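# Structural description and commentary
Here's the letter readout for the chains.
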Amino acid sequence: MSPADAQRSNASHPAQEAVARAFGAENRARLLARYFDATQTITSTNAWQHVYRLLLWIDRTTALAHCYESDKAQPGRAWYARSLAFHAWVSNALNVSPADLGESIDWLFREAVKDLASRALAIRTAVYEQQRAPYAGRGFPEPGEDPELVALIKEVVGKWMTEEPPEEEFRKLTRRIYVYVTQENKRRNLVGEGFEDVIAAVIGRLRFSDKTEIRSRCLLHDLPGFHAPPPNEKPRRVDLALLRGNHRTLVSAKWSIRADREEQFHTDFEAYARLESAGQDFEYTLITNEFDAARLKAACDRRRQNAPLFTHVVHVNPDAVVATYGEAVRGSATAVSAHVKDGRLMSLEAWLEKFGRRIPDRSGASTD
DNA sequence: CACGAGCATAGTCTTATGAA
DNA sequence: TTCATAAGACTATGCTCGTG
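A brief report on the enclosed structure follows. Because the structure is a prediction, the values reported are computed rather than measured.

### Details of the nonpolar core
- Tyr 52, Leu 250 and Trp 351 are the most contacted members of the largest nonpolar core, which has 88 residues in total.
- Per-element tally for this core: the top contributor is helix α11 (residues 187-205), with nine residues.
- Each of domain 1 (1-57 + 105-203) and domain 2 (207-367) contributes no fewer than three residues to this core.
- Excluding residues that lie within four positions of it along the chain, Leu 250 makes contacts with Leu 220, Leu 223, Phe 226, Val 238, Leu 240, Ala 241, Tyr 272, Phe 282, Glu 283, Tyr 284 and Thr 285.

This is how it looks when you write it as structure tokens:
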């Protein structure tokens, strides 16, 4: 946190008070501190549970835990069955009923947006009146006017209405619906950077035998043993960097993966390798919550020259992927279950365990 | 404080491929 | 022909930072 950030953040802020940037680094850190301070045990084994409690959410169109693109997860389509299986698996693993899962997950988003809705609906009345004044009396539409949506509502529930609501109330309703629906689009930022934050927070709270320094979204050349890029090249950032002794792990943390974004894995690594200045190996590890078998397979198999691109490919919980695909395993899913079995697709737990055990004295030199 | 550029996050939508 | 999978393109959004 920079001095300016520290100055802005007021320690006496009550938890519910409005914050300037609900999804910003400062507020995420504040919320995560609150969450983890109230959490007794954080272990490699339950790390994935914290990830899901904090970040996983319910897809409103299916009312099931989100694991795949919404359009392919609609009732009757292939991923609806898998979404059901995933929902069942998560509920069971978190020890809540399928009906209550929604209240047990998505903590970070639900906390961050708590006062966003009311702020989105708020109108600075004086300014608003002034803005509309020149057009007064000309029948200009009011904000929230949406005859089609109103017609839809009336069509479905109208017969239960004892009287016709005033137009103004319908405008309030349509505005609230709009805010509610579009709120979902704001999730992406929080999931993405929040994923990095949560992993960093978990690692920071695990008791490793060796001290580990964790940096989020830092510049590559601020890490030991990396050059600054030439002036005509933009500086590189690393999602997550773990430093321990002379051991450097660069982590790419992606909640989900798409083909076009995969290309970046390669160009990022190419830059990292080219700008390496210490003449020593570094790890390049992917952590993801992607559920698509083909994308996971591609990440596991992706190569650079004569070696796998990623030192490790880590999934929040591969058991969830296996359970989601269920019995009907074919195509890429076959390869993925093989990768799970042979450890190429690692669980977050296994990766944290492995990381916690490693002692960086490969050279045999004294660490004193 | 307002504004915009630039970067970054992710999900959604569209098109291509291949198998039944 | 139909459908799921796979690959790729596109979009909605927020934060940070610099500028006026």
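Read on, since the account is not over.
### Re empty space enclosed by the protein
- Taken as a whole, this structure holds two cavities of 30 Å³ or more when the rule is applied.
- Volume-wise, the second largest cavity comes out at about 30 Å³.
- Taken together, Ala 47, Val 51, Ile 199, Val 202, Ile 203, Leu 348 and Leu 352 make up the full set of residues lining the second largest cavity.
- Of all elements in the fold, only α3 (47-55), α11 and α16 (348-357) reach the threshold of two or more residues within the lining of the second largest cavity.
- In terms of residues, the lining of the second largest cavity owes the most to one element, α11, which gives three residues.
- For the lining of the second largest cavity, the class distribution of residues is seven nonpolar, no polar and no charged.

### Focus: the sheet that holds strand β10 (residues 345-347)
- Strand order in this open sheet of six strands is β3-β4-β5-β6-β9-β10, and the pairing throughout is mixed. Each edge of the sheet is formed by a strand with only one pairing partner; in this case those strands are β3 (213-219) and β10. Strand-to-strand twist across the sheet, computed as the mean angle between neighbouring axes with direction ignored, equals 30°.
- In this structure, strand β5 (residues 247-254) lies alongside strand β6 (residues 283-288), joined through six bridges in parallel fashion. The partner of Thr 249 across the bridge, within β6, is Glu 283.

### Regarding the packing of helix α9 (residues 147-157) against helix α10 (residues 167-183)
- Between α9 and α10, the shortest axis-to-axis distance is 10 Å and the interhelical angle comes to 100°. Classed by the angle they form, the pair α9 and α10 counts as roughly perpendicular. Along its contact with α9, which presents Leu 149, Val 150, Ile 153 and Lys 154, the element α10 presents Glu 167, Phe 170, Leu 173, Thr 174 and Ile 177.
- Its residues assigned to classes, the contact of α9 with α10 shows six nonpolar, one polar and two charged.

### Considerations on the packing of aromatic side chains
- Scanning the model with the defined rule gives 20 aromatic pairs in all.
- Here Tyr 52 and Trp 255 contribute two aromatic rings whose centre-to-centre distance is 6.5 Å and whose plane-to-plane angle is 65°, an arrangement assigned as edge-to-face. Residue Tyr 52 is located in helix α3, and its partner Trp 255 is located in the loop between β5 and α12 (259-275); the two are separated by 203 residues in the primary sequence. The same class applies to Tyr 52 and to Trp 255, which are both buried.

### Details of the layout of surface pockets
- Counted as a void, the largest pocket has a volume near 780 Å³.
- Around the largest pocket, the lining comprises 27 residues; the ones closest to its centre are Trp 57, His 66, Arg 187, Arg 188 and Arg 258.
- Residue assignment for the lining of the largest pocket shows that the elements contributing at least two residues are β1 (58-59), α10 and α11.
- Sort the elements by how many residues they give to the lining of the largest pocket and α11 lands first, with four residues.
- Each residue belonging to the lining of the largest pocket can be placed in one class, and the counts come to nine nonpolar, seven polar and eleven charged.
- For the lining of the largest pocket, the two domains that each supply at least three residues are domain 1 (1-57 + 105-203) and domain 2 (207-367).

### A look at the pairing of β5
- By the criterion of burial, β5 is predominantly enclosed, with seven of the eight residues buried.
- As paired elements, strand β4 (residues 237-244) and β5 share five bridges and run antiparallel to each other. Bridge pairing links Leu 242 to Thr 249 in β5.
- Adjacent in sequence and paired antiparallel, β4 and β5 are bridged by two residues, among which Gly 245 carries a positive phi angle near 60°.
- Note on the crossover from β5 through α12 to β6: the handedness is right-handed.

### Looking at the pattern of salt bridges
- Counting across every chain of the model gives 26 salt bridges.
- Put simply, Glu 276 and Arg 248 hold a salt bridge, and the shortest N to O gap is 2.5 Å. A residue pair is termed long-range when its members are at least 10 positions apart, and Glu 276 in the loop between α12 and β6 and Arg 248 in strand β5 qualify at 28 residues.
- You can call Glu 276 buried: its relative accessible area is 14%.
- Across the pair Glu 262 and Arg 302 runs a salt bridge whose closest N-O atoms are separated by 3.3 Å. With Glu 262 in helix α12 and Arg 302 in the loop between α13 (293-301) and β7 (303-304), the pair connects residues that are 40 residues apart, well separated along the chain. Grouping residues by exposure puts Glu 262 and Arg 302 together as buried.
- Put simply, Arg 28, Glu 193, Glu 196, Asp 197 and Arg 217 are held in one network by salt bridges that share partners.

Each value, and the rule that gives it
- Per chain, residue numbering runs from 1 following the sequence as it is written.
- Chains carry letters from A onward and ligands carry numbers from 1 onward, assigned in written order.
- Where totals are concerned, whole chains, interfaces and linings use all residues; where local detail is concerned, this predicted model gives features only for residues with pLDDT of at least 70, and gives and counts side-chain atom pairs only at 80 or more.
- The side-chain values count all of the structure's non-hydrogen atoms but skip hydrogen atoms and water molecules.
- For this analysis, a nonpolar core means a set of buried residues of the types Ala, Val, Leu, Ile, Met, Phe, Trp, Tyr and Cys, connected via side-chain atoms within 4.5 Å.
- Exposed residues in this analysis have more than 50% of their type's maximum accessible area, buried residues have under 20%, and partly exposed residues fall in between, with area computed by a 1.4 Å probe over protein chains only.
- Helix and strand assignments follow DSSP, with helices taken as H or I runs no shorter than four residues and strands as E runs no shorter than two, numbered in order from the N terminus.
- Each domain's extent is set by a domain assignment, obtained either automatically or from a database.
- Contacts are residue-level and defined by heavy atoms, with any inter-residue pair within 4.5 Å sufficient.
- Every definition here rests on a 1 Å grid over the protein atoms only: cavities are sets of points where a 1.4 Å probe fits but cannot get out, pockets are open sets enclosed by protein on both sides within 12 Å along at least five of seven lines, and lining residues have some atom within 4 Å of a point.
- Grid points are joined across faces, edges and corners, and a volume is the space filled by probe spheres set on the points.
- Gly is placed with the polar residues, together with every amino acid not listed as nonpolar (Ala, Val, Leu, Ile, Met, Phe, Trp, Tyr, Cys and Pro) or charged (Asp, Glu, Lys and Arg).
- Should DSSP find at least two bridges between two strands, the strands are taken to pair.
- Only C-alpha atoms enter the line fits that serve as axes; for helices the fit covers just the stretch in contact. Angles between N-to-C directions range over 0 to 180 degrees.
- An angle counts as roughly parallel when it lies under 35 degrees, as roughly antiparallel when it exceeds 145, as roughly perpendicular when it falls between 65 and 115, and as oblique in every other case.
- In this scheme Phe, Tyr and Trp rings, the latter by its six-membered ring, pair at centre separations within 6.5 Å, and the angle between planes marks the pair as stacked below 30 degrees, edge-to-face above 60, and tilted otherwise.
- Whether a crossover is right-handed depends on one test, that the path from the first strand over the helix to the second runs clockwise when the strands point away from the viewer.
- Basic side-chain nitrogens of Lys or Arg form a salt bridge, by our definition, when they fall within 4 Å of a carboxyl oxygen of Asp or Glu.

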